[in-house]
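If you want the building blocks of each chain, they are given just below.
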Amino acid sequence: MTAPTESRSAKRTSAASEITTPPPGATVPAVDPAAGQEYELSDEVLGNECFGCGPHVEHGLQMKRIGRDGTTAYGEIVVKREHQGAPGLAHGGILATAMDEILGTSAWLTGGRYVTGRLETDYLAPVPVGSTLYLKAWCNGVEGRKAYIEGEGRIGGPDGPVAVRAAAIFVRVPMEHFTKQR
Ligand SMILES: CCCCCCCCCCCCCCCC(=O)SCCNC(=O)CCNC(=O)[C@H](O)C(C)(C)COP(=O)(O)OP(=O)(O)OC[C@H]1O[C@@H](n2cnc3c(N)ncnc32)[C@H](O)[C@@H]1OP(=O)(O)O
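This write-up is about the structure you can find in this document.

Criteria and thresholds
- Counting restarts for each chain: residues are numbered from 1 in the order of the written sequence.
- In keeping with the model being predicted, local features are shown solely for residues with a pLDDT of at least 70 and side-chain atom pairs are shown and tallied solely at 80 or more, while totals for entire chains, interfaces and linings include all residues.
- Water and hydrogen atoms were dropped before computing side-chain values, which therefore reflect all heavy atoms in the structure.
- In this text, helices come from DSSP runs of H or I with a minimum length of four residues, and strands from runs of E with a minimum of two, each type numbered from the N-terminal end.
- Note on exposure labels: buried denotes an accessible area under 20% of the residue type's maximum, exposed denotes more than 50%, and partly exposed covers the range between, all computed with a 1.4 Å probe on protein chains only.
- Neighbouring residues are identified by heavy atoms, a residue being near a molecule or strand if any of them is within 4 Å of it.
- By the criterion applied in these results, polar contacts are pairs of N or O atoms within 3.5 Å in which, for protein atoms, one can donate a hydrogen and the other can accept it, and in which residues neighboring in sequence qualify only through two side-chain atoms.
- Gly is placed with the polar residues, together with every amino acid not listed as nonpolar (Ala, Val, Leu, Ile, Met, Phe, Trp, Tyr, Cys and Pro) or charged (Asp, Glu, Lys and Arg).
- Patches here: salt-bridge-free residues with over 30% relative accessible area, like charges joined within 9 Å, nonpolar side chains (Val, Leu, Ile, Met, Phe, Trp, Tyr) joined within 5 Å.
- What sets the accessible areas is the Shrake-Rupley method with a 1.4 Å probe; for residues, cover comes only from the shown protein chains.
- Any Lys or Arg side-chain nitrogen located within 4 Å of an Asp or Glu carboxyl oxygen qualifies as a salt bridge.
- The rule for pairing is simple: two strands pair if DSSP sees at least two bridges between them.
- Buried residues of nine kinds, namely Ala, Val, Leu, Ile, Met, Phe, Trp, Tyr and Cys, make up a nonpolar core once their side-chain atoms join them within 4.5 Å.
- In what follows, residue pairs with any heavy atoms lying within 4.5 Å of each other are defined as contacts.

1. As for unusual backbone geometry
The phi dihedral of glutamine 62 falls on the positive side, at around 50 degrees, and the residue is not glycine. Position of glutamine 62 relative to the elements: it lies in the loop between helix 3 (42-46) and strand 1 (64-69). Residue glutamine 62 is classed as partly exposed on the basis of its relative accessible area of 27%.

Shown next as C-alpha cells:
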C-alpha cells in the first residue's frame, strides 16, 4: 500500500487556472475614486435585496463589507443553519456565493459595474455552521473589460487557516445590463 500523499489542490496556493490568470499585458489598477466613495454607501448603490449582502435578506448571507485597502476588499459572513450542506457544515455553493460577493466587491472598486463571467473555487477545509468566514479579495489585473480577481476565506480569525479560495473573471457591463431584463 502506498502512503497517502498531499492532494494536488492542497498544494496549490492560488485558485486561479490559466483562464483566470491575467495575461501579461494586464495592469493592476488603483482604486477608482468614485467607487471608493460609493463603497461606503454600498447598500444604497446596490439596494438591499442582494442574497449575498442584503442586510435584511432573512436567509441570505448578509455579508458585511468591513473595509478595503485600495481595491482589496474585506468582508465577513456568519454561517447559519440555512446555509448547511452536510449536517453542521456550510454548503459549498454557499461558500462560492460568499466568494463571488467579495471578489465582485474588489472588481467594482476598480471602477465601473461588473458581473461574474467565470468563478473557480477550491475548498480546503469544512466550514462549520456558526463560524465566521473572514473574506478577502484582490485584483490581479484588468485587461479590456475583464477584471481578474482572486480571494480567500479563512476560519477562526482573519489570519486563521484558509478554508476556501477563489479566482474569477468579472466582465464590465453598462448600466443597462441590470435594467434591460426586467
Ligand atoms: C462602485 C463601488 C461600490 C462598492 C460596493 C458595492 C460592491 C458591489 C459588489 C457587487 C458584487 C456582486 C457579486 C455577484 C456578481 C454576480 O453574481 S453577477 C450575476 C452572475 N453573472 C451573470 O449573470 C453574467 C451573465 N453573462 C453575461 O451577461 C454575459 O455573458 C457577459 C459576462 C456580460 C459577457 O457578455 P458580453 O458583454 O457580450 O461580452 P463578451 O464579448 O462575450 O465578453 C467580454 C470579454 O469577457 C470574456 N468572457 C466573457 N465571459 C467569460 C467567461 N465565462 N470566461 C472567461 N472569459 C469570459 C470574453 O472572452 C471577452 O474577452 P475579450 O474578447 O474582450 O478578450
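That covers the picture; the talk isn't over yet.
2. Some thoughts on the site of the ligand
In the vicinity of the ligand lie 22 residues, with Glu38, Thr116, Gly117, Arg145 and Lys146 positioned nearest. Threonine 116 is positioned with one of its backbone polar atoms (N or O) 3.1 Å from a nitrogen atom of the ligand. With respect to the ligand, the backbone of glycine 117 contributes an N or O atom lying 2.8 Å from a nitrogen atom. Broken down by secondary-structure element, the contributors of at least two residues to the shell around the ligand are helix 2 (33-39), helix 3, helix 4 (92-109), strand 3 (113-123) and strand 6 (162-173). Of the residues assigned to the shell around the ligand, the class counts are eight nonpolar, six polar and eight charged.

3. Examining a nonpolar patch on the surface
A cluster of nonpolar side chains, contributed by Leu41, Val45 and Leu46, occupies part of the molecular surface with about 210 Å² of accessible area. Along the chain, leucine 41 turns up in the loop between helix 2 and helix 3.

4. Examining the pairing of strand 4 (residues 132-143)
Put simply, side chains in a regular strand alternate between the two faces of the sheet. As defined by bridge partners, strand 2 (residues 72-78) adjoins strand 4 across six bridges and the pair is classed as antiparallel. Its bridge partner lying in strand 4, glutamate 76 is registered against tyrosine 134. For strand 4 and strand 5 (residues 146-155), the ladder comprises 10 bridges, and the chain directions are antiparallel. The residue bridging tyrosine 134 from the neighbouring strand is arginine 154, located in strand 5. Linking strand 4 to strand 5, which pair antiparallel, is a turn of two residues; within it glycine 144 sits at a positive phi near 60 degrees.

5. Observations concerning the nonpolar core
Counting 31 residues, the largest nonpolar core has Leu103 and Leu133 as the members making the most contacts within it. Contributions of two or more residues to this core are made by strand 2, helix 4, strand 4, strand 5 and strand 6. Leucine 133 has contacts with Gly75, Glu76, Ile77, Leu95, Val127, Gly153, Arg154, Ile155, Ala163 and Val164, leaving out every residue within four places of it along the chain.

6. Overview of the side chain of aspartate 122
The topology assignment puts aspartate 122 in strand 3. The exposure class of aspartate 122 is buried, given its relative accessible area of 13%. At a separation of 2.9 Å, a polar atom in the side chain of aspartate 122 contacts the side chain of arginine 12. When residues no more than four places from it in sequence are discounted, the contact partners of aspartate 122 are Arg12, Ser14, Ala15, Ala163, Val164 and Arg165.

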